[in-house]
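Topology and contacts: notes
Here is what each chain is made of, one letter per residue.
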Amino acid sequence: MSLDEILKRAEHTKHQVELEATFETDEATKRLNEIAPIPRKKWVDSVTNQLWMKQGGKCAICHDPMSRESFDVDHIVPHSKGGGNERTNLRLTHVSCNRSRGNNCDRRPVIENLEDRAMNLK
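How each quantity is defined
- Residues numbered from 1 in each chain as written.
- Predicted model: local features only at pLDDT ≥ 70, side-chain atom pairs only at ≥ 80, totals over all residues.
- Heavy atoms only, no water.
- Salt bridge = Lys/Arg side-chain N within 4 Å of Asp/Glu carboxyl O.
- Helix = DSSP H or I, 4+ residues; strand = E, 2+ residues; numbered from the N terminus.
- Buried < 20%, exposed > 50% of the residue type's maximum accessible area, 1.4 Å probe, protein only.
- Arc of directions from axis to C-beta.
- Contact = heavy atoms within 4.5 Å.
- Pairing = 2+ DSSP bridges.

Moving on, we get to the pattern of salt bridges. Going through the model one piece at a time under the given rule, you end up with 3 salt bridges. Residue R91 is joined to D74 by a salt bridge in which the shortest nitrogen-to-oxygen separation is 2.7 Å. A residue pair is termed long-range when its members are at least 10 positions apart, and R91 in strand 2 (residues 90–93) and D74 in strand 1 (residues 72–75) qualify at 17 residues. You'll find R91 and D74 in the same group, each marked buried. Each of D74, R91 and R101 takes part in salt bridges that share partners, so that together they form one network.

Listed below in structure tokens is the structure:
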């Protein structure tokens, strides 16, 4: 077997593992949300003010300045993947940056969030 063939197989295997891990994470999130759904709440001005100050008025995604009148509260781990309204899971973004991101996020914070939620179930 040539080096090119080995590299192609390795890349294919890596892709398959990533797909399986994403599927398993999404399944775990779905099950946990069925057991213990996270209620959505309106944003408290003090929370958005604290986030604004912490971020220096800049978008957490593109790091460009934002208008005080127009921003989104973004969930680092989206609701659809089990994220809640804890301050550590929130950040301010431009509306367009948040919309372009959709519910995509790194797998590691999703897994950490699922572990934390599962450990705290009554």
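The next point concerns helix 2 (residues 45–55). Structurally, the α-helix is built with 3.6 residues per turn, so residues lying three or four positions apart point the same way. When we look at burial in helix 2, the residues that qualify are V47, T48, L51, W52 and Q55. Taken end-on, helix 2 shows its buried residues confined to a sector of 135 degrees, consistent with a single buried face. In helix 2, the exposed residues that point more than 90 degrees away from the buried face are D45, M53 and K54. Those residues of helix 2 hidden inside the fold are in contact with strand 1 and strand 2. G56 sits one or two residues past helix 2 and shows a positive phi near 65 degrees.

On to the pairing of strand 2. Because side chains alternate across strand 2, one face comprises the buried residues L90 and L92, and the other comprises R91 and T93, equally buried. Where strand 1 and strand 2 come together, 4 bridges link them in antiparallel fashion. Counted as the bridge partner of V73 is L92 from strand 2.

Limitation: the analysis is restricted to geometry and does not speak to function.
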